[in-house]
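Residue-level listing of the chains:
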Amino acid sequence: MDDWLGLGMTVVVSVAVAVVIALAVKLVMRVVARRNAWAGALVAQVRGPFWALALLLGLWFGVHASLRRSDWMPAISQVFTIAAIAILAWLLIAVVRFVSDVALDHNRIDIPDNRLARRLRTQTLIVRRLAIALIVVIAIGAALFTFDSVRAVGASVLASAGIASIVAGLAAQSVLGNMFAGIQLVFSDALRVDDVIVAQGEWGRVGEITLSYVVLDLWDDRRLVLPCTYFTTTPYENWTRQGSELLGSVEFDLDWRVSPQRMREHLETVLEQTPLYDGRASVLQVTEATGGYVRVRILVTAKDAPTLYDLRCFVREAMVLWIQSVMPDAAPAQRVLVSEAAAPAPRGRRAAAPAEHAGDGGLFTGSAEAEERASQFTHGIPRVTVEGDDAAAGSDAEPR
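Starting afresh in each chain, residues are numbered from 1 along the sequence in its written order. The predicted origin of the model limits local features to residues at a pLDDT of at least 70 and limits the giving and counting of side-chain atom pairs to 80 or more, whereas totals for whole chains, interfaces and linings rest on all residues. Side-chain measures here rest on the full set of heavy atoms in the structure, leaving out hydrogens and waters.

Focus: the packing of aromatic side chains
- Any pair of Phe, Tyr and Trp rings, taking the six-membered ring for Trp, is counted once the centres come within 6.5 Å. Such a pair is stacked with planes under 30 degrees apart, edge-to-face with planes over 60 apart, and tilted for the rest. Under the counting rule described, the total for this entry stands at four aromatic pairs.
- Summarising the aromatic geometry, the rings of Y230 and F231 are spaced 5.2 Å apart at their centres and angled 85° between planes, so their arrangement reads as edge-to-face. Exposure class is identical for Y230 and F231. Each is buried.
- Ring geometry for F231 and Y236: centres 5.1 Å apart, planes at 85°, overall edge-to-face.
- Of the aromatic side chains, those joined through ring pairs into one cluster are Y230, F231 and Y236. The buried label applies to any residue whose accessible area, calculated with a 1.4 Å probe on protein chains only, is under 20% of its type's maximum; exposed applies above 50%, and partly exposed to all values in between.

Re the side chain of T301
- Helix and strand definitions follow DSSP, with helices as H or I runs of at least four residues and strands as E runs of at least two, each counted in order from the N terminus. Mapped onto the elements of the fold, T301 is located in strand β8 (residues 294–302).
- Whenever two N or O atoms come within 3.5 Å, that pair is a polar contact, provided that in protein one can donate a hydrogen and the other can accept it, and provided that, for residues adjacent in sequence, both atoms are side-chain atoms. Side-chain polar atoms of T301 contact the side chain of D278, separated by 2.5 Å.
- Polar side-chain contacts of T301 include one of 3.5 Å to the backbone nitrogen of R280.
- Setting aside its immediate chain neighbours within four residues, T301 contacts L246, L247, L276, Y277, D278, G279, R280, A281, L308 and L311. Contacts: residue pairs with any heavy atoms within 4.5 Å of one another.

Describing the nonpolar core
- Only buried residues count toward a nonpolar core, which is a set of Ala, Val, Leu, Ile, Met, Phe, Trp, Tyr and Cys residues joined through side-chain atoms within 4.5 Å. Within the largest apolar cluster, 27 residues are counted, with the highest numbers of intra-cluster contacts made by M263, I298 and V315.
- When residues of this core are assigned to their parent elements, the largest contribution, eight residues, is made by helix α10 (residues 305–325).
- The residues contacting I298, other than those within four sequence positions of it, are G248, S249, V250, F252, L267, V283, L284, V315 and M319.
- Residues V186, V193, A199 and V206 belong to the second largest nonpolar core, which totals 21 residues.

Quick look at the confidence of the model for the protein
- Chain-level statistics for the protein give a pLDDT mean of 77 and a share of 76% at 70 or above.
- pLDDT measures how confident the predictor is about each residue, on a scale from 0 to 100. Every residue in residues 381–400 is under pLDDT 50, and counting partners more than four places away or in other chains gives 10 contacts.

Now the structure itself:
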């Protein structure tokens, strides 16, 4: 009875001392948190594992002081050791989460120019997953090595590690391939969280990058999950690699009686009415005139892909309404023209309207901005124009 009473008193005292020390540490952290916000976040993140570790150490010290000569002490010490390893792993994981959260808070992606922030955020998330996985593996290994039988087998396992690694590599080559592909994607800056890409014919935003797969949040609220090896072996479009600004096209097949000059003037009015247009470039060109139709292409720019999609729809609808109301003869139609000899013009007829001229402004010529855009594709290459070959060359190399 006295032994149990002594054990209880020792345990209570040791646990009380541990609690006092833990309270002192908590008080110090509160004082620090008044001047530094990170200290408060650290306390909130590690509160659970810290108190669990403090109570465990107090209990362990009390039991060891009372039962150090008991036959049960080795087994009890092993149990406490395994529990301490588990709580230490919990504490380290909490610290890793705190550090990664601080890094993520300093690299926000809800701002316009966020290319660097997206790269750091993607790398931080991958490093956090790797660190947590490494801590768990080391903790499990340390707990297993507290058993004498496992420690004896450890030498033979290390001796055969070469053969085992070859067998594991052959058996799990797809898993390892995806893992190394995920690490390559993150640290080569080829793909980042929040990038807008086109993969498998689907347009979406990168919502998550893990060590084995990438999740795309598609524009229609679907989720497309692709293995990491897809992005290292298959071409894909990254619309936000250097910036989010994009250029898009709107095309019309119209009748030959259309007036590109009047359409160009109305396009300027339409773009002035919408905040979707970012003002970088607006071009209206006749790109084809075959098969009984005139193809008119409008190029406009916007700050990002969603805005560009809405801008293209707005411009398309506005131009259709204008053609219907102002220039109905320009609507595409199949017709048969029966011509007769032209009658002489009657006397007193009004003077003919001034002749229209083709627009001299283009995407790559006609203005300082267009010439600067053209220089990005001709820098260091002499621009030679061969008469008669421009149309053939332009039809194959024109922007889409």
